[in-house]
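# A look at the structure
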Amino acid sequence: MATMGMHFGHDAGAALTEAGGYRVIEAERRLGLRHVCGGNGDFPQAAAEWLAELREGAASPVTGIAVADWYTPVCQVLPPALVELVNEDARWTATGGTGLADAVTRVIKPLDWPLAKGFGDITLTAVRHHYAHAALAYYTSGARKALVLALDGTGNYAECGMVCLGDGDQLTPVMSFTNRTGPRFGLVYEALARRVHGSQFDTGKLLGLTATGETDALLLPVLRAMLVPQSTRRASPDLYEQLDEDRLTGTALRYADTWWEYDPHSGGYLDAGLADSSDDDVVHSFGSVFPDEIRTADGRSTPVGTSPDARTCRDLAATLQTAVERDLTSLVTGISRRFPSYTTLCYAGGCALNITANSRLAECAQFTRVSIPTCCDDSGIALGAALAVADPADRPALLGRSGWALAYAGPPLDGLEAVDGDDAAAADGLSRRLAGLGLSLRRPADDEEFVRAVADLLADRRCVAWLEGGLETGPRALGHRSLLVSAHWSGARRYVSQTIKNREWFRPVAPICPEEVADQYFTGPLDHTETMLFAVRVRPDRARQLAEARHIDGTARLQTVRPDAQPLLHRLCHAVAARTELPVLINTSANGGGRPLLNHLDDALELLTGTELDAVVLPERRLIVE
């Protein structure tokens, strides 16, 4: 049988799980709007079409639909029973003890829900937001026993995270975190991102900016008290490090015209004032507004700017990153010690996109493996909800490093009808269409000739869009919807990142390297680098050679490729090395500035004709458009 999932919040979408695999539809890539939510005007009709598409493509009947409980209220196709559950059922808000286990899934009635029409007799189940994150992380990891952690900005009831224990086919919630007491890793990061870059979704930009600043020792305890107040640290000393009160006494935060002094009782700033506030007010206060000014223990006041070029913003970004890494590592280490028999960590939620913090977890010696799904943010919530309630037989059987089953679970590239035409007329029609755009078409005879031709382009300092197989799930391009350029020449980073994509100067690019030679160029958790979710370090003796692929701080968001997983891309790296003596390519997502990953040939051709992109290549069809 098959189980579907739906998510109506930002990064909305639909998904299906069955024994043969997953299928994921991310709304932003269908509607062309980043982080789109269920309140979008096109969403209701599109969602019905996505469910029909998934049902028609399923190998077995769909017997259940799971809906994540975090949603956008303006969405026009919410199940009425879901709205009633979230707003009226007090048991559903349970956050600890046995109550939590009863409040992560709930069968609800599909009455008066338009999207249920046509499915017949189905079971509709509501799934708690963070439990969906946890289910995604565990059931796609291939692990049979794991500690499972979900952390993000917020879900319902100011909840910001959950800890579960995965044992075989069972996933049991044991802890819940709330923004009322912390940790507020996601919310505070979002607040500074909004301040500096203009959007809560610009946390990735903020992470890139951290490398351009320096950690301020006097600001650090203030930011750590914002993340986790001293009261929480005192209550759980095994999870959080207590801060030095001498470095907090006299500190304060200014919001508009009001100064919030450090409060020794709560051990924070806004905490005492928000004690009786609504969940929405708590989330807004910590996540939407970053202080306008910070006073440190020495009496110094630091006005907070609003530009990534401002030195104060860059140092604040670096300091916040240091704070997050220290407190996250302490938290995860403490949880691991509470449950010492779990040596694998499965991690999801928006916070799991912080690749430098992820590397700290991988290298903290608490776990033999840290597994993070490619769509660890809310783009994976629909699939996580489905996996949470699916019969074990409806989950693909996974063994070991099975991330590839999920990484490319999106749909194939659209618009290939003319390309796939077998007759001469279809081929001529495609050639005439390309000629009308000022483009030409090459058809190498075999894979060897194809790889050689693309390698020649890259060695000649050209940039190509490599479009292969199923669309990546999550925000990272992993060699299926990628812009590639060789890292051997000075100016490669600027050419692909700034000239073609109009990205900010401080944004990192990501290197791709064959797995078997990665240790010759990089150090760090190289056994965790297949899906670009961990930071590694460029070897000092390779710093000059990899100047175009390394970030300002010497790190790299590496993706390693294996011949069994991505044979043509793996061969391409070595073919480029034969010409340049460097098997490292620079990879960034195939999309225009501010747009989602492209998934239509027309969009690729538009990128080719409208930017400095040099070629579009289709590996499975051995086609090169220039």
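Below you will find a few notes about this structure. Source: prediction; values computed, not measured.

Each value, and the rule that gives it
Residues numbered from 1 in each chain as written. Predicted model: local features only at pLDDT ≥ 70, side-chain atom pairs only at ≥ 80, totals over all residues. Heavy atoms only, no water. Axes fitted to C-alpha atoms, helices over the stretch in contact; angles between N-to-C directions. Helix = DSSP H or I, 4+ residues; strand = E, 2+ residues; numbered from the N terminus. Parallel < 35°, antiparallel > 145°, perpendicular 65-115°, else oblique. Contact = heavy atoms within 4.5 Å. Nonpolar A, V, L, I, M, F, W, Y, C, P; charged D, E, K, R; others polar. Polar contact = N/O pair within 3.5 Å; in protein donor to acceptor, adjacent residues only side chain to side chain. Phe/Tyr/Trp six-rings, centres within 6.5 Å; stacked < 30°, edge-to-face > 60°. Lys NZ or Arg CZ within 6 Å of the ring centre and 35° of its normal. Pairing = 2+ DSSP bridges. Buried < 20%, exposed > 50% of the residue type's maximum accessible area, 1.4 Å probe, protein only. Salt bridge = Lys/Arg side-chain N within 4 Å of Asp/Glu carboxyl O.

## What to know about the packing of helix H7 (residues 203-210) against helix H11 (residues 311-338)
- In the contact formed by H7 and H11, the axes pass within 8 Å of each other and the chain directions differ by 100°. In this view, H7 runs roughly perpendicular relative to H11, as classed from their interaxial angle. Packed against H7, whose contacting residues are Leu206, Leu207, Leu209 and Thr210, the element H11 presents Cys313, Arg314, Ala317, Ala318 and Gln321 at the interface.
- When the residues that make up the contact of H7 with H11 are grouped by side-chain class, the tally is 6 nonpolar, 2 polar and 1 charged.

## Points about the side chain of Ser60
- Within the secondary structure, Ser60 is located in the loop between helix H2 (43-57) and strand E4 (62-71).
- For Ser60, the side chain forms a polar contact with the side chain of Glu18, separated by 3.2 Å.
- Beyond its immediate chain neighbours, meaning those up to four positions away, Ser60 contacts Met1, Ala2 and Glu18.

## Some details on the packing of aromatic side chains
- Following the criterion strictly, the structure yields 7 aromatic pairs and no others.
- Looking at Lys145, its charged tip hangs above the ring of Tyr342, at a distance of 4.0 Å from the centre.

## A short note on the sheet that holds strand E11 (residues 258-261)
- With respect to topology, 4 strands assemble into an open sheet ordered E11-E10-E12-E13, the strand pairing being antiparallel. Lying at the two open borders of the sheet, with one neighbouring strand each, are E11 and strand E13 (301-303). Pairwise comparison of adjacent strand axes, ignoring direction, gives a mean angle of 20° for this sheet.
- Bridge count for strand E12 (residues 293-295) against E13 is 3 bridges, and the pairing is antiparallel. By the bridge assignment for E13, Ile294 is matched with Thr302.

## So, helix H5 (residues 129-139)
- For H5, the tally of buried residues reaches 11 of 11 residues, placing the bulk of the element in the interior.
- Among the residues of H5, those classed as buried are His129, His130, Tyr131, Ala132, His133, Ala134, Ala135, Leu136, Ala137, Tyr138 and Tyr139.

## So, the pattern of salt bridges
- Counting across every chain of the model gives 35 salt bridges.
- Two residues, Asp541 and Arg539, come together in a salt bridge whose shortest N-O distance is 3.4 Å.
- Taking the relative accessible area as the measure of exposure, Asp541 reaches 57% and is therefore exposed.
- Since its relative accessible area comes to 29%, Arg539 is described here as partly exposed.
- Within this structure, Glu26, Glu28, Arg29 and Arg34 form a network of salt bridges that share partners.

## As for the pairing of strand E24 (residues 585-589)
- E24 sits mainly inside the fold: 5 of its 5 residues count as buried.
- Looking at chain direction, strand E18 (residues 481-486) and E24 are connected through 5 bridges and run antiparallel. Across the sheet, residue Leu484 finds its bridge partner in E24, namely Asn587.
- Two elements, strand E19 (residues 510-514) and E24, share 3 bridges in a ladder whose sense is antiparallel. Following the sheet pairing, Ala510 is matched in E24 by Asn587.

## A short note on the sheet that holds E19
- One open sheet accounts for 8 strands, arranged E16-E26-E25-E17-E18-E24-E19-E23; its pairing is mixed. In this open sheet, the two edge strands, each paired with only one partner strand, are strand E16 (441-442) and strand E23 (559-561).
- Pairing of strand E25 (residues 615-618) with strand E26 (residues 623-625) involves 3 bridges; the strand directions are antiparallel. Along E26, the bridge assignment pairs Val617 with Ile624.
- Most of the contacts of helix H18 (residues 567-580) go to E19, to which it runs at about 95°, and overall it touches strand E17 (464-467), E18, E19, E23 and E24.
- Against the sheet, helix H19 (residues 601-610) contacts E17, E18, E25 and E26, and its axis sits at roughly 155° relative to E25.

## Focus: the pairing of strand E5 (residues 105-108)
- Only one face of E5 is covered, namely the face carrying Arg106 and Ile108; the face carrying Thr105 and Val107 is uncovered.
- As paired elements, E5 and strand E6 (residues 123-127) share 4 bridges and run antiparallel to each other. When the bridges of E6 are listed, Ile108 appears paired with Leu124.

## Concerning the environment of Ala445
- Checked against the element boundaries, Ala445 lands in the loop between E16 and helix H16 (447-459).
- Along the sequence, Ala445 and Arg622 sit 177 residues apart, while their C-alpha atoms lie 7.8 Å from each other.

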